[in-house]
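As a plain string of letters, each chain reads:
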Amino acid sequence: MATTSCDVAIVGAGLGGCFLALLLGRRGRHVVVIEQGASVPSAGADFLKPPGLRVLARHGLADLVGRHGLRRDTIRYYHDGDPIQECRFPDGGFVIRPYRELVELIYTSCGMEGVEFWFDASIADIAMGDGEADGQVEELTLSDGRRLKAGVVIGADGTKSAIRQALGIEQRTMPYERLLMRVATVPLSASIARLNRLYFSSDGWLTYLYPINRDQARVFVGLPPEDDREVFQDGIPTLIDELKKFVTDSSDAFNSLQGATWQRIKVSSLRVEAYHKGNAALLGSAAFACHPMTGMGMSYTMHDAEILADVICAADGDPGLLDRLLQARYEPRKDVHRQLIDYGDALASSFRDRAAYLAAFRPDLHVYGETAAERT
Ligand SMILES: Cc1cc2nc3c(=O)[nH]c(=O)nc-3n(C[C@H](O)[C@H](O)[C@H](O)COP(=O)(O)OP(=O)(O)OC[C@H]3O[C@@H](n4cnc5c(N)ncnc54)[C@H](O)[C@@H]3O)c2cc1C
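Owing to the predicted nature of the structure, the values given are computational and were not obtained by experimental measurement. (Residues numbered from 1 in each chain as written. Predicted model: local features only at pLDDT ≥ 70, side-chain atom pairs only at ≥ 80, totals over all residues. Heavy atoms only, no water.)

Some points on the UniProt feature "domain: FAD-binding" (unreviewed entry) in the protein chain
At step 1: In the numbering adopted here, UniProt assigns the feature "domain: FAD-binding" (unreviewed entry) to residues 6-323.
At step 2: Along residues 6-323 the backbone is 30% helical and 31% strand, and the end-to-end C-alpha distance reaches 18 Å. (UniProt positions renumbered as here; feature names shortened; annotations may be inferred. Helix = DSSP H or I, 4+ residues; strand = E, 2+ residues; numbered from the N terminus.)

Quick word on the packing of aromatic side chains
At step 1: Evaluation of the coordinates by the stated rule reveals 19 aromatic pairs.
At step 2: A ring pair is formed by phenylalanine 47 and tyrosine 210, whose centres lie 4.5 Å apart and whose planes are at 65°; its orientation type is edge-to-face. Of this pair, phenylalanine 47 sits in strand E3 (residues 47-48) while tyrosine 210 sits in strand E15 (residues 206-211), and the two are 163 residues apart along the sequence. In terms of burial, phenylalanine 47 and tyrosine 210 fall into one category: buried.
At step 3: Taking 4.3 Å as the distance between ring centres and 25° as the angle between the ring planes, the aromatic pair formed by tyrosine 78 and tyrosine 199 counts as stacked. Residue tyrosine 78 is located in strand E5 (residues 74-79), and its partner tyrosine 199 is located in strand E14 (residues 196-200); the two are separated by 121 residues in the primary sequence.
At step 4: When its relative accessible area of 0% is taken as the criterion, tyrosine 78 is described as buried.
At step 5: Exposure remark for tyrosine 199: the relative accessible area of 0% places this residue in the buried category.
At step 6: Its end group placed over the ring of phenylalanine 232, arginine 182 keeps NZ or CZ at 4.3 Å from the ring centre. (Phe/Tyr/Trp six-rings, centres within 6.5 Å; stacked < 30°, edge-to-face > 60°. Buried < 20%, exposed > 50% of the residue type's maximum accessible area, 1.4 Å probe, protein only. Lys NZ or Arg CZ within 6 Å of the ring centre and 35° of its normal.)

Section: the site of the ligand
At step 1: Among the 29 residues in the neighbourhood of the ligand, the closest are listed as Glu35, Phe47, Tyr99, Ser285 and Met298.
At step 2: The backbone of glutamine 36 places a nitrogen or oxygen atom 3.1 Å from a nitrogen atom of the ligand.
At step 3: Within the backbone of aspartate 157, an N or O atom sits 3.5 Å from a nitrogen atom of the ligand.
At step 4: Taken by itself the ligand offers 1000 Å² of open surface, and the protein chains cover 82% of this.
At step 5: Elements that contribute at least two residues to the shell around the ligand include exactly helix H1 (15-26) and helix H9 (297-315). (Near = heavy atom within 4 Å. Polar contact = N/O pair within 3.5 Å; in protein donor to acceptor, adjacent residues only side chain to side chain. Areas by Shrake-Rupley, 256 points an atom, 1.4 Å probe, with all protein chains shown as cover.)

Comments concerning the pattern of salt bridges
At step 1: Within the structure shown, the criterion is met by 24 salt bridges.
At step 2: Glutamate 139 is the salt-bridge partner of lysine 149, the closest N and O atoms lying 3.8 Å from each other. Highlighted residues: lysine 149 in strand E11 (residues 147-155) and glutamate 139 in strand E10 (residues 137-142), separated in sequence by 10 residues.
At step 3: Accessibility expressed as a relative area gives 38% for lysine 149, which makes it partly exposed.
At step 4: We note a salt bridge from arginine 271 to aspartate 345, for which the minimum N-O separation is 3.1 Å. Taken together, the residues arginine 271 in strand E18 (residues 268-272) and aspartate 345 in helix H11 (residues 333-350) connect sequence positions 74 residues apart.
At step 5: Classification of aspartate 345 as partly exposed rests on a relative accessible area of 23%.
At step 6: In this structure, a network of salt bridges that share partners links the residues Arg27, Asp310 and Arg329. (Salt bridge = Lys/Arg side-chain N within 4 Å of Asp/Glu carboxyl O.)

Some details on the domain arrangement of the protein chain
At step 1: Considered domain by domain, the protein chain is made up of domain 1 (3-78 + 95-175 + 268-375) and domain 2 (180-265).
At step 2: Each of domain 1 and domain 2 has a C-alpha centre, and the two are 30 Å apart.
At step 3: Counting residues at the interface gives 15 residues for domain 1 and 25 residues for domain 2.
At step 4: Summed over both partners, the interface of domain 1 with domain 2 comes to about 1900 Å²; 59% of that surface belongs to carbon and sulfur atoms.
At step 5: Three residues stand out in domain 1 for area buried against domain 2, namely Arg72, Tyr78 and Arg352, and they jointly supply 35% of the buried area on that side.
At step 6: Put simply, domain 1 and domain 2 have 1 salt bridge between them.
At step 7: A salt bridge links arginine 218 to aspartate 46; its shortest N-O distance comes to 2.8 Å.
At step 8: Counting every contact that joins domain 1 to domain 2 gives 11 residue pairs in polar contact (both at pLDDT 80 or more).
At step 9: Residue assignment for the side of domain 1 that touches domain 2 shows that the elements contributing at least two residues are strand E4 (70-72) and E5.
At step 10: Of all the elements, E5 adds the most residues to the side of domain 1 that touches domain 2, at 5 residues.
At step 11: Counted by class, the side of domain 1 that touches domain 2 contains 10 nonpolar, 1 polar and 4 charged residues. (Domains from an automatic or database assignment. Contact = heavy atoms within 4.5 Å. Buried area = accessible area lost by both parts, 1.4 Å probe. Nonpolar A, V, L, I, M, F, W, Y, C, P; charged D, E, K, R; others polar.)

So, in structure tokens, the structure goes:
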């Protein structure tokens, strides 16, 4: 089977892969995105916070994403039923838009820039070079026999990244073992339409309720593993009895939980030892994962994609320059991500204890993320 050549091969068509493809396509690079699924991924984040919205604005995409999204500007936090604080998002707040819709918008914009997408395409082999090309990815072979040669290879292929494994980059995954997460999509109730509310309990439970459009809401429940076995085996009445103990201002949502399907989500933090090797780099969840309570993963990933696009274009096909620029401009992102991962860990490990949670909570990082320092 023939070999295709391109400037940049991106493995993974999630937000990171699609956004980078769009930025590179706009700058005239020939980009091929390889995605194992039949389409862009359907499950993931819902909140796009101010730093991510600013990245989109820099590329003329803020209106497109904001148009059908919901704007919110406040999250109210509770502990054992009492309101303990509100986090406010000034300057237009944040946007709620289900992940699939957001990624599809970026994917559709890629079509105008000539980006090629190969769906249902899984990688069978990654050939590394030797001699002068030592440490460079030479060729990707797909399971249907197609071959792809690229000047730059990006692993935007999620937490289990095949590219990261092929590069031999070490990673450390830490599951949040004391906090199993469940999520359901339910009809919208009046209290959820009014305000986003996040409830914690000293028994180690949390419940987050927010709208995802004008008719539906998302409900996250986090709980200790031993409670998960009991509650979700015994069914919804037991769940509602437990929620009644600490969910005080959202009782109109309890009825809508009756027919809900509760999907279990595995949540872990992920740290990796390097973000690039030779002509290959990691992006998004392949490079880092933090607790979703930070709500910042997408914002950081989009900024990372901006940096990668600049570096790839500046290197302009010179492998030595690419390596040096990745080292100088992309590797330092590890420190920025480490701060976010540590912050997510601090929130997840402290929320049972009201005072400890309030001490760990950082409104600057929560609202502005890595750009907080620029705002003060
Ligand atoms: C429960 C949860 C809630 C979150 N909520 C928020 C939030 O509200 N706000 C926020 O900013 N962030 C949030 N995040 C983080 C956010 O989801 C990530 O930062 C973002 O999705 C990263 O995008 P990505 O493109 O790296 O990954 P993904 O969306 O995971 O995309 C990876 C893609 O690679 C594909 N793939 C994997 N392996 C291969 C392979 N071998 N070959 C080809 N394709 C492959 C997958 O099919 C997938 O399409 C949340 C995360 C979780 C887990």
